[in-house]
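# Architecture at a glance
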Amino acid sequence: MRAQAKQRIAFTVLFIINLLVIVPVALLVIFIAVKGWRAVNWQFLFAFPSNGMRAGGIFPAIVGTFYLVAGSLVVTLPLGVLAAIYLYEYAGNSRLSRIINLAIINLAGVPSVVYGLFGLSLFVITLKMGVSIIAGALTLAIMNIPLVITASREALSSVPHSFREVSYSLGVSKWQTIRHAVLPYALPGILTGAILAVARAAGETAPILFTVAAFYLPQLPKSIFDQAMALPYHLYIISTQIPNISESIRYGTALVLVALVLSMNLFAVVIRSRFRKKKKW
Amino acid sequence: MRIKAIKEFFIEKLIFFCGITSIIFVILIFSFLLKEGLSFFKEYHLKDFLFGRHWYPISEPPKFGILPLVLGSLLVTLGAALISVPLGVACAFYIAEVASLRTRDFLKAGVEMLAAIPSVVLGFVGMVTLVPFIKGVFNLPTGLTALSGSIMLGFMAMPTIVSIAEDAITAVPKVYKEGALALGATHWQAMHRVILIAALPGIIAASMLGVGRVIGETMAVMMISGNAAVMPHTFMQPVRTMTATIAAEMGETVQPSGHYFALFAIGIVLFIITFLINFTADFFLHRIKR
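Residues numbered from 1 in each chain as written. Chains lettered and ligands numbered in written order. Predicted model: local features only at pLDDT ≥ 70, side-chain atom pairs only at ≥ 80, totals over all residues.

### Remarks on the overall build of chain A
- Helix and strand content of chain A: 11 helices and 2 strands.
- The helix and strand sequence of chain A, counted from the amino end, reads α-α-β-β-α-α-α-α-α-α-α-α-α.
- With the C-alpha coordinates aligned to their principal axes, the bounding extent of chain A is approximately 70 × 70 × 35 Å.
- Looking at the 281 residues of chain A, the share that counts as buried comes to 49%.
- Here the contacts in chain A between residues at least 6 apart in sequence split such that 76% fall between residues at least 24 apart. (Helix = DSSP H or I, 4+ residues; strand = E, 2+ residues; numbered from the N terminus. Buried ≥ 20, exposed ≤ 12 C-beta atoms within 10 Å, placed from the backbone. Contact = placed C-beta atoms within 7 Å.)

### Considering the overall build of chain B
- Secondary structure assignment for chain B yields 12 helices and 2 strands.
- Going from the N terminus to the C terminus, chain B shows its helices and strands as α-α-β-β-α-α-α-α-α-α-α-α-α-α.
- Along the first, second and third principal axes, the C-alpha atoms of chain B reach 75 × 75 × 35 Å.
- For chain B, the proportion of its 290 residues judged to be buried stands at 51%.
- Here the contacts in chain B between residues at least 6 apart in sequence split such that 74% fall between residues at least 24 apart.

### Some remarks on the domain arrangement of chain B
- Considered domain by domain, chain B is made up of domain 1 (2–43) and domain 2 (55–289).
- On the domain 2 of chain B side, the residues contacting the 8 residues of domain 1 of chain B number 8 residues. (Domains from an automatic or database assignment.)

### Quick word on the packing of helix 5 (residues 112–126) of chain A against helix 1 (residues 2–43) of chain B
- Packing of helix 5 of chain A against helix 1 of chain B brings their axes to within 9 Å, and their N-to-C directions diverge by 75°. When the interaxial angle is binned, helix 5 of chain A and helix 1 of chain B end up roughly perpendicular. Seen from helix 5 of chain A, the contacting residues are Leu117(A), Phe118(A), Ser121(A) and Leu122(A); seen from helix 1 of chain B, they are Leu28(B), Ile29(B), Phe32(B), Leu33(B), Lys35(B) and Glu36(B).
- Of the residues assigned to the contact of helix 5 of chain A with helix 1 of chain B, the class counts are 7 nonpolar, 1 polar and 2 charged. (Axes fitted to C-alpha atoms, helices over the stretch in contact; angles between N-to-C directions. Parallel < 35°, antiparallel > 145°, perpendicular 65-115°, else oblique. Nonpolar A, V, L, I, M, F, W, Y, C, P; charged D, E, K, R; others polar.)

### Topic: the environment of Leu147(B)
All names here are of chain B.
- For Leu147, the location among the structural elements is in helix 6 (residues 146–170).
- Residue Leu147 is classed as buried on the basis of its C-beta count, with 24 C-beta atoms lying within 10 Å.
- Sequence-distant contacts of Leu147, defined by excluding residues within four places in its chain, comprise Gly79, Ile134, Phe235 and Met236.

### Digging into the nonpolar core
- One finds Leu68(A), Val198(A), Ala230(A), Val121(B), Leu153(B), Met158(B) and Ala165(B) to be the most contacted residues of the largest nonpolar core, which totals 197 residues.
- It is helix 3 (residues 59–91) of chain A that contributes the most residues to this core, 17 residues altogether.
- A domain-level breakdown of this core finds at least three residues from each of domain 1 (2–43) and domain 2 (55–289) of chain B.
- Sequence-distant contacts of Ala230(A), defined by excluding residues within four places in its chain, comprise Ala61(A), Gly64(A), Thr65(A), Leu68(A), Ile208(A), Val212(A) and Ala213(A). (Core = buried A, V, L, I, M, F, W, Y, C linked by C-beta atoms within 7 Å.)

### What to know about the interface of chain A and chain B
- Taken together, the contacts link 68 residues of chain A with 63 residues of chain B.
- In terms of residue count, helix 1 (residues 2–36) of chain A provides more of the side of chain A that touches chain B than any other element does, 19 residues in total.
- Looking at side-chain class alone, the side of chain A that touches chain B contains 52 nonpolar, 13 polar and 3 charged residues.

### What about unusual backbone geometry?
Residue and element names in this part refer to chain B.
- Here the bond from Glu60 into Pro61 is cis, since omega is 0°, no more than 30 degrees from zero.
- As for its position among the elements, Pro61 is in the loop between strand 1 (55–56) and strand 2 (63–64).
- Non-glycine residue Asn139 carries a positive phi angle of around 55°.
- Within the secondary structure layout, Asn139 lies in the loop between helix 5 (119–138) and helix 6.

### Quick look at the packing of helix 7 (residues 174–182) of chain B against helix 8 (residues 187–198) of chain B
Residues and elements named next belong to chain B.
- Running from amino to carboxyl end, helix 7 crosses helix 8 at an angle of 150°, the nearest separation of the two axes being 10 Å. With respect to each other, helix 7 and helix 8 are oriented roughly antiparallel. Viewed along their axes, helix 7 and helix 8 form a crossing whose handedness is right-handed. The segment helix 7 lies against helix 8, with Tyr176, Lys177, Ala180 and Leu181 engaging Gln189, Ala190, Val194, Ile195 and Ala198.
- Split into classes, the residues belonging to the contact of helix 7 with helix 8 amount to 7 nonpolar, 1 polar and 1 charged. (Left-handed = near helix turned anticlockwise from the far one by under 90°.)

### So, helix 1 of chain A
- The end-to-end C-alpha distance of helix 1 of chain A is 51 Å, a good match for the 51 Å that 35 residues give at a rise of 1.5 Å each.
- Buried residues of helix 1 of chain A: Ala10(A), Leu14(A), Asn18(A), Val21(A), Val25(A), Leu28(A), Val29(A), Ile32(A) and Gly36(A), and no others.
- Looking at the buried side of helix 1 of chain A, the elements it contacts are helix 11 (247–278) of chain A together with helix 3 (67–98), helix 4 (101–116), helix 5, helix 6 and helix 8 of chain B. (Expected span 1.5 Å × (residues − 1).)

### Points about helix 11 (residues 242–249) of chain B
- Taken across its 8 residues, helix 11 of chain B has 6 buried, putting it largely inside the fold.
- Of the positions making up helix 11 of chain B, those classed as buried are Met242(B), Thr243(B), Ala244(B), Thr245(B), Ile246(B) and Ala247(B).

Listed below in structure tokens is the structure:
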């Protein structure tokens, strides 16, 4: 019976450790929501910062983040999906595909601030884009490629092989098969990956520090070659660089960022689970 | 018919090109880091860079010794690993083996939520909650310490460790567990004497990937660990990591200058460290598949 008692104790300890991890996450989100709730109103969302960020809203930061996210997605999504198609449908188990896999793993592990250095050196300086939305968006796009490839590949692998075989047996070419018999069924999975990539791009600060982010801009960016403000960078500067700023502005900004990122993640989870239920094969 | 074939030919070429972009990007990243970073070593000795004990980038003459920064990163990472590896593996075991289906979904959702929260937000919350707490509990002049950084980073490494370790535990063949149970072991004995051993390569890989994430973390660690580029002695003092140095100083450098190139040289060091960690972790993960 002693073994049984040990087991009961061990499982209790494991459970408590789980609470130790989960409870702070819940508390953190509730904390930001409660503290930031009062600061967030239409004016906060749609006004420019004023009085050296100590008053007004965060509109230009929201707009900047929107541009960055949209710009990076336009590049990552096609690139990542096609790369996944190559890896899953064409490459097989060749040496090249093993090298590509290693490259993906490595890309996923490169620290975000190193992506920032890379973007600075390649896009800002060498390609003479300057500190601009396009330089930042491209940097974020490269950072997100591993995420989109992995999600898309998983989506492709969930489509049964019989779909492809039936299509081939009707004399359809390989690309046409992928295009019409595979991709439509992989779409929800790919979409999930895309949304997660968007959420990640919206929240990252280090890659945009030297490639796009501006401390403060009096007007919205006019072209992709302008600098922009961005939500995570804005939160960073108002919480570290600006003294005597009212608490509520900081919590409000944090809340907007967290709400944006978490709602996108939730959206991705919903798509995934709805698709699983609808799946008929 | 021909047009279709030609179209297909070009599309397949395009797919192939996209397929190898990952390799191209890894090479590009490394070569651009090298391009900027290596100019630094024309004027500065590699030995003084790696083992110099002083980081005074704007004094005259400047000193670019990254030892305090490397040790700062290692100290924070060590602290984070001590927290996140045991807790993360414990969580993974509970989720994979003990929890009921509903609890499992709930716990996994919580861990995924943690992974989704941007690091700048965690840094901000750490600044307003954890930092004053550490300051009060240990009666320190400042709460911006290596310990605060370790706790926060340990927390941030959790999703990586939990999800990969959980995969490793679930991948252990059922017969191992059933064999142990049939011999009269309790579920707990089967877990820590049989499943733990069988899943060990995966658990090591999970821990390494968690550590890799911690070493590369930038914003949160910059906001809460104090940013003092001095040789660290204890967990209770402010430290400066390699990542935080790049993030904090790149905005103020003149391009090109010794300082600017030195920050890229730090980037090379970070790139190589994370590359080795990921490479080894992948090696362990492949051992399970076989």
